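Below are the chains, spelled out letter by letter.
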Amino acid sequence: MADPESSGMNNADGGAANFFAAMGCASALVFANMGAAYGTAKSGVGVASMGVIRPELVMRSIIPVVMAGVIGIYGLIIAVVIVADVTNPDLTYAKGFADLGAGLAVGLSGLAAGMAIGIVGDAGVRATAQQPKLFVGMILILIFAEALGLYGLIVGLILTSQG
């Protein structure tokens, strides 16, 4: 492999690699929190609607809201891991691009998971108000939706540990 100094792969051109790391950090936080916010809002509407019909089930129906909030934590975790590279003057392009990829993996999978949790949470808590036997099925679907965000976090952590 060529020497990074002679191949132009160092970061001596004003911090372009740091920019990509910063974009990965921001992408993780922004997209994951967008998913968490959507999931929280959509599930919260379902909880409020269900609370009119069966107020005794409101606390039990908060589970989708909590699960949506966890998605935002995934984005925060990877952003904290990446932020150390943002000010590193010796950051290589490979590491900067890996940080960008990690941030996008976590952020976009968090966005998708949050949307899934919101939709399932809204419909699930309303259905559970009418038929309590659906509660376990709703929880299982929510777990699979949450796993989408977790997969992104795992890939993001692997990407940040490379290089």
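For the structure itself, look to the data block above.
Residues numbered from 1 in each chain as written. Predicted model: local features only at pLDDT ≥ 70, side-chain atom pairs only at ≥ 80, totals over all residues. Heavy atoms only, no water.

Of the regular secondary structure elements, the protein chain holds 5 helices and 0 strands. Element order for the protein chain, N to C, with α for helix and β for strand: α-α-α-α-α. A globule of 163 residues ought to have a C-alpha radius of gyration of about 15 Å, yet the protein chain, at 20 Å, is considerably larger. Along the first, second and third principal axes, the C-alpha atoms of the protein chain reach 70 × 25 × 15 Å. Burial status across the protein chain gives 40% buried among its 163 residues. (Helix = DSSP H or I, 4+ residues; strand = E, 2+ residues; numbered from the N terminus. Rg over C-alpha atoms; globule rule 2.2 N^0.38 Å. Buried < 20%, exposed > 50% of the residue type's maximum accessible area, 1.4 Å probe, protein only.)

The next subject is the packing of helix α3 (residues 63-86) against helix α5 (residues 135-161). Two numbers describe how α3 lies on α5: the axes approach to 10 Å, and their chain directions differ by 5°. With respect to α5, the axis of α3 lies roughly parallel. Each of I63, P64, M67, V70, I71, Y74, I77, I78, V81 and I82 in α3 lies in contact with α5, whose residues at this interface are F135, I139, L142, I143, E146, G149, L150, L153, G156, L157 and T160. Among the residues making up the contact of α3 with α5, the classes are represented as 17 nonpolar, 3 polar and 1 charged. (Axes fitted to C-alpha atoms, helices over the stretch in contact; angles between N-to-C directions. Parallel < 35°, antiparallel > 145°, perpendicular 65-115°, else oblique. Contact = heavy atoms within 4.5 Å. Nonpolar A, V, L, I, M, F, W, Y, C, P; charged D, E, K, R; others polar.)

Moving on, we come to a nonpolar patch on the surface. A surface patch of nonpolar side chains, about 460 Å² in accessible area, is lined by L148, L150, Y151, I154 and I158. Residue position: I158 is located in helix α5. Residue classification places I158 among the partly exposed positions, given a relative accessible area of 45%. (Patch = residues over 30% accessible without salt bridge, like charges linked within 9 Å, V, L, I, M, F, W, Y side chains within 5 Å. Areas by Shrake-Rupley, 256 points an atom, 1.4 Å probe, with all protein chains shown as cover. Salt bridge = Lys/Arg side-chain N within 4 Å of Asp/Glu carboxyl O.)

With that out of the way, let us pick up the environment of I71. Relative to the assigned elements, I71 resides in helix α3. When the C-alpha atoms of I71 and G39 are compared, they prove to be 9.1 Å apart, with 32 residues separating the residues in sequence.

The way to describe two aromatic rings as a pair is by their centre distance and the angle between their planes. Inspection of every chain in the model, using the stated rule, returns 3 aromatic pairs. Ring geometry for F19 against F20: centres 5.6 Å apart, planes inclined by 65°, an arrangement best described as edge-to-face. A centroid spacing of 6.1 Å and a plane angle of 40° characterise the contact between Y93 and F97, whose relative ring orientation is tilted. Within this pair, Y93 and its partner F97 are both found in helix α4 (residues 93-130), separated by 4 residues, close to a single helical turn. What makes F97 partly exposed here is its relative accessible area of 43%. Members of the aromatic cluster, each reached through a chain of ring pairs, are F19, F20, Y93 and F97. (Phe/Tyr/Trp six-rings, centres within 6.5 Å; stacked < 30°, edge-to-face > 60°.)

With that settled, the discussion passes to the nonpolar core. Core analysis: the largest hydrophobic core is formed by 26 residues, its most contacted members being I71, I78, I82, I117, M138 and L142. Only α2 (16-53), α3, α4 and α5 provide two or more residues apiece to this core. Broken down by element, the residue count for this core peaks at 7 residues, all from α3. If we ignore the near neighbours within four places in the chain, the residues touching I78 are A28, A102, V106, G156, L157 and T160. (Core = buried A, V, L, I, M, F, W, Y, C linked by side-chain atoms within 4.5 Å.)

Here the focus is the pattern of salt bridges. In the structure shown here, the tally under the stated rule is 5 salt bridges. Across the pair K95 and D85 runs a salt bridge, and its minimum N-O distance is 3.4 Å. Of this pair, K95 sits in helix α4 while D85 sits in helix α3, placing them 10 residues apart in sequence. Here K95 matches D85 in class, with each residue buried. Salt bridges linked by common partners bring K42, D122 and R126 together as one network.

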